[in-house]
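A closer look at the structure
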Amino acid sequence: MNVLILTNMPEDPSKPYLGQFVRDQYKELKGSRFCTVDYYCMKVMTSRITSKFKYIIFFMSFIKHIILKRKRYDIIHIHFFYPTIILALTYKLFRNTKCKLVVTFHGSDIYHYSPPSKVYRLATRFIDYPIFVSRELMKRFFQPVTNYAILSAGISNDFYQKRTFDRDIDILFVGTLDKNKGTDRLISLLKQLKKPMKVTVVGCGEYHSALSSLRSVHDVKLLGSMKSSELAIIYSRSKILLNLSRNESFGLVLTEAMASGCIVIATSTDGAKAQITNNSGFIIDSENSENALINSVEKTVLKALALNDTQRLNINNNALKLSKIHSIKNVSSEIEKIYITLTHGGR
């Protein structure tokens, strides 16, 4: 069978981590004995004019390079449902009506479309098999679903390295430097912490300058976006990963850190509740006031830094066991089974 992985996440050299999990899935699935897998994504739009019309350009390019080509696809796997689904539906309507549509919902394609529009609702009727990156995200879908899978995007093998307690970074923060990721909460925490900390921040965004101003208090290093192979090295040097998100369907950085031997501390989001179980890290109640939340984070950070080697090893072992479920190899294997079921005895 022929499979096309279709995504609106462009491969941007300035943001190498953007959409990396989709490309990792493609590379893993490309070695399948059961299917031929191709990959098609939106291109980076650098000018203001092209960025305004990026979906029109994406659509026209899709027609030229996919619909008008001779190769026929049995399955199109869409990452980030809306509006990318419109391209897949166009292919199904004009090229191959028997083509099966698989959709992985990653979070923003549900969170940002609530309540969903009529077009969004209509498009969901053509999904042959939905995949949700967490069970809590599935529960937020606008209608009940019966035939589905719960699968994370999967983490790269780069993160499964030899773990050590000899780490020189106290606090690591990875993600877009915006409010949803809780960067403002990180800033409040660092202002409140009396003990100087070695802090490393990986990511870009609006809070970059505010974090830079804290260098007089803490040893803050701002590293920008990184490739997974580079980020793996930073994880291996870090004692704690802080994830202070307000909304997170499945934070890959949590599982990456857990695989790398970091102690994870996260606010209570859909993803954190699914990932941090059985004494594999710490979850902070997000329903408290912001001041109470920051106080809880501060206490937990100090508690985590004070763990002895035996306590750290216990948490690390639990975290590693859970992280292996979400390895890119395991996730891709499950996706391959879905493809086979849909084309050989599926609905």
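If you're wondering where the values come from, they're calculated on a predicted model, not measured in any experiment.

**With respect to the overall build of the chain**
Tallying secondary structure elements over the chain gives 15 helices and twelve strands in all. For the chain, the C-alpha radius of gyration of 21 Å lies close to 20 Å, the compact-globule estimate for 347 residues. Summarising its shape, the C-alpha atoms of the chain cover approximately 65 × 45 × 35 Å along the three principal directions. Sorting the 347 residues of the chain into buried and exposed places 54% on the buried side. Long-range contacts, defined as pairs at least 24 residues apart, comprise 68% of the intrachain contacts of the chain with a sequence gap of at least 6. With an accessible surface of roughly 16600 Å², the chain has 52% of that area assigned to carbon and sulfur atoms. Where the 49 positive side-chain charges of the chain centre and where its 28 negative ones centre are 5 Å apart.

**What about the pairing of strand β2 (residues 36-41)?**
Strand direction decides the pairing type here: strand β1 (residues 2-7) and β2, joined by six bridges, are parallel. Its bridge partner being in β2, N2 is matched across the sheet by T36. Handedness of the β1-helix α1 (residues 20-29)-β2 crossover: right-handed.

**Section: the pattern of salt bridges**
A complete count under the given rule lists eleven salt bridges for this structure. Between R237 and D168 there is a salt bridge; the shortest N-O distance is 2.7 Å. Of the two residues, R237 is situated in helix α10 (residues 228-237) and D168 in the loop between β6 (149-150) and β7 (169-174); the sequence distance between them amounts to 69 residues. Exposure remark for R237: the relative accessible area of 33% places this residue in the partly exposed category. A residue is classified by how much of its surface remains accessible, and D168, at 36% relative accessible area, is partly exposed. Here R246 and E290 are joined by a salt bridge, their closest N and O atoms 3.6 Å apart. In this pair, R246 is assigned in the loop between β10 (238-243) and α11 (252-260) and E290 in helix α13 (residues 290-305), connecting sequence segments 44 residues apart. For E290, a relative accessible area of 33% puts it in the partly exposed group. Overlapping salt bridges bring together D184, R185, R246 and E290 as one network.

**A word on the sheet that holds β1**
Read across the open sheet, the six strands follow the order β2-β1-β3-β4-β5-β6; overall the sheet is parallel. The sheet terminates laterally at β2 and β6, the two strands that pair on one side only. Against the sheet, α1 contacts β1, β2 and β3 (75-79), and its axis sits at roughly 160 degrees relative to β2. Lying on the sheet, helix α4 (residues 85-94) is in contact with β1, β3 and β4 (100-105); it crosses β4 at an angle near 175 degrees.

**Topic: empty space enclosed by the protein**
Within the structure shown, the criterion is met by one cavity of 30 Å³ or more. By volume, the largest cavity amounts to about 50 Å³. What lines the largest cavity is Y17, Q20, F21, D24, G154, I155, S156, F159, S228, L252 and E256. By residue class, the composition of the lining of the largest cavity is five nonpolar, four polar and two charged.

**Regarding the packing of helix α3 (residues 54-67) against α4**
Angle between the axes and distance between the axes: these two values describe a pair of packed helices. α4 packs onto α3 with a crossing angle of 35 degrees between their chain directions and a minimal axis gap of 10 Å. Between α3 and α4 the crossing geometry is right-handed. Across the interface between the two elements, F58, F59, F62, I66 and I67 of α3 pack against L87, T90 and Y91 of α4. Of the residues contributing to the contact of α3 with α4, the split by class is seven nonpolar, one polar and no charged.

**Brief notes about the packing of aromatic side chains**
For the coordinates displayed, the defined rule picks out 19 aromatic pairs. For the pair F105 and F132, a centre-to-centre distance of 5.2 Å together with 10 degrees between the ring planes defines the contact as stacked. With F105 in strand β4 and F132 in strand β5 (residues 129-132), this residue pair connects regions lying 27 residues apart in the sequence. This pair shows no difference in class: F105 is buried, exactly as F132 is. Taking 5.5 Å as the distance between ring centres and 75 degrees as the angle between the ring planes, the aromatic pair formed by F159 and Y235 counts as edge-to-face. Here F159, found in the loop between β6 and β7, pairs with Y235, found in helix α10; they are 76 residues apart in sequence, far enough to count as distant. Ring-pair connections join several aromatic residues into one group, and the members of that group are F81, Y82, F105, Y113, Y120, F132, F141, F142 and Y148.

**Looking at helix α14 (residues 309-325)**
Taking 1.5 Å per residue as the helical rise, α14 with its 17 residues ought to reach 24 Å, and the 25 Å between its terminal C-alpha atoms agrees with that figure. Those residues of α14 that fall on the buried side of the exposure criterion are R312, I315, N316, A319, L320, L322 and S323. On its buried face, α14 sits against β10, α11, β11 (263-267), α12 (270-275), β12 (282-284) and α13. The distance from a side-chain oxygen at the start of α14 to the backbone nitrogen of T310 is 3.1 Å, and the residue carrying that oxygen is N308.

Cut-offs and rules
Residues numbered from 1 in each chain as written. Predicted model: local features only at pLDDT ≥ 70, side-chain atom pairs only at ≥ 80, totals over all residues. Heavy atoms only, no water. Helix = DSSP H or I, 4+ residues; strand = E, 2+ residues; numbered from the N terminus. Rg over C-alpha atoms; globule rule 2.2 N^0.38 Å. Buried < 20%, exposed > 50% of the residue type's maximum accessible area, 1.4 Å probe, protein only. Contact = heavy atoms within 4.5 Å. Areas by Shrake-Rupley, 256 points an atom, 1.4 Å probe, with all protein chains shown as cover. Lys, Arg positive; Asp, Glu negative; His and termini not counted. Charge placed at Lys NZ, Arg CZ, Asp CG, Glu CD. Pairing = 2+ DSSP bridges. Right-handed = clockwise from strand over helix to strand, strands pointing away. Salt bridge = Lys/Arg side-chain N within 4 Å of Asp/Glu carboxyl O. Axes fitted to C-alpha atoms, helices over the stretch in contact; angles between N-to-C directions. 1 Å grid on protein atoms, 1.4 Å probe; cavity = no way out; pocket = protein on both sides within 12 Å on 5 of 7 lines; lining within 4 Å. Points joined across faces, edges and corners; volume = space filled by probe spheres on them. Nonpolar A, V, L, I, M, F, W, Y, C, P; charged D, E, K, R; others polar. Left-handed = near helix turned anticlockwise from the far one by under 90°. Phe/Tyr/Trp six-rings, centres within 6.5 Å; stacked < 30°, edge-to-face > 60°. Expected span 1.5 Å × (residues − 1). Polar contact = N/O pair within 3.5 Å; in protein donor to acceptor, adjacent residues only side chain to side chain.

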